[in-house]
Amino acid sequence: MTEFSWSDEQLDYFKALQVAINSDSPQLLKISAVAGASKSSSTVEAVKRVHRENPKLSIRYLVFNTAMAAEAKTAFGHTAIASTLHALAYYYTVKPYRLNPDIAPWLTWKDIPQNIKVPYGSLPLILQTLTNYFESGYTDFPSFISNEVDNPEWTMTVYMAANLILDAMATGKMRITHAFYLKLFHILVKLGQIKLKPEDILIVDECQDLNLITLDIFHAYPAKVKVIIG
């Protein structure tokens with residue numbers, strides 16, 4: 001059987017990861033690869049090589065696409081834990097914080113509890129503002145509203161209704177969205193209320209898809225070696 005021929009760049013990648021994991025200090029590796037450069041197969045090989053040297057290494061591989069995570073689980077086998085960031089956030093928030101497990105792709109007026117009085121015609125504004133907050137780097141709603149919302153329709157009554165909706169989602173009284181539990185995960189990680197399991201190696205693929213939330217989580221994640229690929 002012919003042995004696979006790796007390029008000099010790939011061999012440099014393998015060596016860099018081995019050197020990083022053997023270092024006495026935390027390391028950050030940045031891997032730049034164009035489309036079709038076999039970055040995924042290269043990463044699998046790099047991980048397998050360091051894993052052969054030390055089978056006790058804890059290695060996590062994070063992506064932002066469910067299909068990619070499924071492929072990665074098969075490719076890595078037992079050498080690394082592969083998942084999406086949303087799956088990780090779900091694990092740490094939905095059950096531990098008793099959120100409603102019925103995840104909605106988006107919220108509508110049917111999801112709002114009857115005891116929450118939403119000013120007539122303002123629900124679309126509230127839901128869009130909440131979505132913008134969930135996708136922002138802010139970790140508290142008042143600061144987001146104060147700095148980012150400049151809309152004459154955003155009155156104190158609307159703000160109070162939005163707060164009640166947030167509270168209903170946070171206490172399991174109404175359905176949530178994927179963006180909500182990712183934001184909650186982001187906030188709790190930043191506040192130190194969620195203690196992530198330290199990893200020897202943390203790898204984030206497709207790093208060009210990182211936003212303020214995912215970048216905050218990546219920085220806060222405890223790992224000896226962090227690898228970003230994109």
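Residues numbered from 1 in each chain as written. Predicted model: local features only at pLDDT ≥ 70, side-chain atom pairs only at ≥ 80, totals over all residues. Heavy atoms only, no water.

1. Digging into the overall build of the chain
The condition is simple: Per the convention used, a helix needs a DSSP run of H or I reaching at least four residues, while a strand needs a run of E reaching at least two, with both numbered from the N terminus. Two residues qualify as a contact provided that any one of their heavy atoms is within 4.5 Å of a heavy atom in the partner residue. The Shrake-Rupley method, run with a 1.4 Å probe, gives the accessible areas here. Residue values count only the displayed protein chains as cover. A residue counts as positive if it is Lys or Arg and as negative if it is Asp or Glu; His and the chain ends are not included. Charged side chains are reduced to one point each, which is NZ for Lys, CZ for Arg, CG for Asp and CD for Glu.
For the chain, the helix and strand inventory stands at 9 helices and 5 strands. Ordered by position in the sequence, the α and β elements of the chain form the string α-β-α-β-α-β-α-α-α-α-α-β-α-β. Judged by the C-alpha coordinates and their principal axes, the chain covers about 70 × 35 × 30 Å. Within the chain, residue pairs in contact and separated by at least 24 positions form 70% of the contacts whose partners lie at least 6 positions apart. Looking at the chain as shown, the accessible area adds up to about 13000 Å², and 55% of this sits on carbon and sulfur atoms. One finds the centroid of the 21 positive side-chain charges in the chain at a distance of 9 Å from the centroid of its 22 negative side-chain charges.

2. Remarks on unusual backbone geometry
Here is the rule we go by: Buried means the residue's accessible area, taken with a 1.4 Å probe over protein chains only, is under 20% of the maximum for its type, while exposed means over 50%, and partly exposed covers the values in between.
Of note in the backbone geometry, Arg98 takes a positive phi value of approximately 55 degrees without being a glycine. Assessed through its relative accessible area of 72%, Arg98 is described here as exposed.

3. Focus on the packing of helix H4 (residues 85-93) against helix H8 (residues 178-191)
What counts, and what does not: Lines fitted to C-alpha atoms define the axes, with helix axes restricted to the stretch in contact, and inter-axis angles between N-to-C directions lie between 0 and 180 degrees. Note that the term roughly parallel is reserved for angles under 35 degrees, roughly antiparallel for angles over 145, roughly perpendicular for angles of 65 to 115, and oblique for everything else. All amino acids are sorted into three groups, where Ala, Val, Leu, Ile, Met, Phe, Trp, Tyr, Cys and Pro are nonpolar, Asp, Glu, Lys and Arg are charged, and the leftover types, Gly among them, are polar.
Packing of H4 against H8 brings their axes to within 9 Å, and their N-to-C directions diverge by 70 degrees. In terms of orientation, H4 and H8 fall into the roughly perpendicular class. For the pair formed by H4 and H8, the contact residues are Leu85, His86, Leu88, Ala89, Tyr90, Tyr92 and Thr93 on the first element and His178, Tyr181, Leu182, Leu184 and Phe185 on the second. Of the residues assigned to the contact of H4 with H8, the class counts are 9 nonpolar, 3 polar and no charged.

4. Topic: the side chain of His186
Along the polypeptide, His186 turns up in helix H8. Overall, the relative accessible area of 0% leaves His186 in the buried class. When residues no more than four places from it in sequence are discounted, the contact partners of His186 are Ser136, Gly137, Tyr138, Thr139, Ile213, Asp216 and Ile217.

5. Considering the packing of aromatic side chains
This is how the line gets drawn: Between 30 and 60 degrees the pair is tilted, below 30 it is stacked and above 60 it is edge-to-face, where a pair is any two Phe, Tyr or Trp rings, Trp via its six-membered ring, whose centres lie within 6.5 Å.
This structure, assessed with the given rule, holds 13 aromatic pairs. On the basis of an interplanar angle of 85 degrees and a centroid distance of 5.5 Å, the ring pair of Tyr90 and Tyr181 is categorised as edge-to-face. Placement of the pair is Tyr90 in helix H4 and Tyr181 in helix H8, with a sequence separation of 91 residues. Between the aromatic rings of Tyr138 and Phe144, the centroid separation amounts to 5.6 Å while the plane-to-plane angle is 80 degrees, which identifies the pairing as edge-to-face.

6. Describing the nonpolar core
Rules: Throughout this description, the term nonpolar core refers to a set of buried Ala, Val, Leu, Ile, Met, Phe, Trp, Tyr and Cys residues connected via side-chain atoms within 4.5 Å.
Judged by nonpolar contacts, the single largest core of 51 residues is most densely connected at Phe141, Trp154, Ile165, Met169 and Phe185. Secondary-structure elements contributing two or more residues to this core are H4, helix H5 (123-134), helix H6 (141-148), helix H7 (156-170), H8, strand E4 (199-204), helix H9 (212-220) and strand E5 (223-229).

7. Topic: the sheet that holds E4
To keep things clear, this is the line we draw: Two strands pair if DSSP finds at least two bridges between them.
In spatial order, the strands read E1-E5-E4-E2-E3; together these 5 strands make up an open sheet with parallel pairing. Across the chains shown, the open sheet's two edge strands, defined by having one partner strand only, are strand E1 (27-31) and strand E3 (81-84). Sheet twist, expressed as the mean angle between neighbouring strand axes with direction ignored, is 15 degrees. Looking at chain direction, E1 and E5 are connected through 5 bridges and run parallel. Of the residues in E5, the one forming a bridge with Leu29 is Val227. Helix-sheet contacts for helix H1 (residues 8-21) involve E1, E4 and E5, and the interaxial angle to E5 is about 160 degrees. Seen against the sheet, H9 touches E1, E4 and E5 and runs at an angle of roughly 150 degrees to E5.

8. Side note on the environment of Ala16
Residue position: Ala16 is located in helix H1. Along the chain, Ala16 and Lys197 lie 181 residues apart, while their C-alpha atoms are 24 Å from each other.

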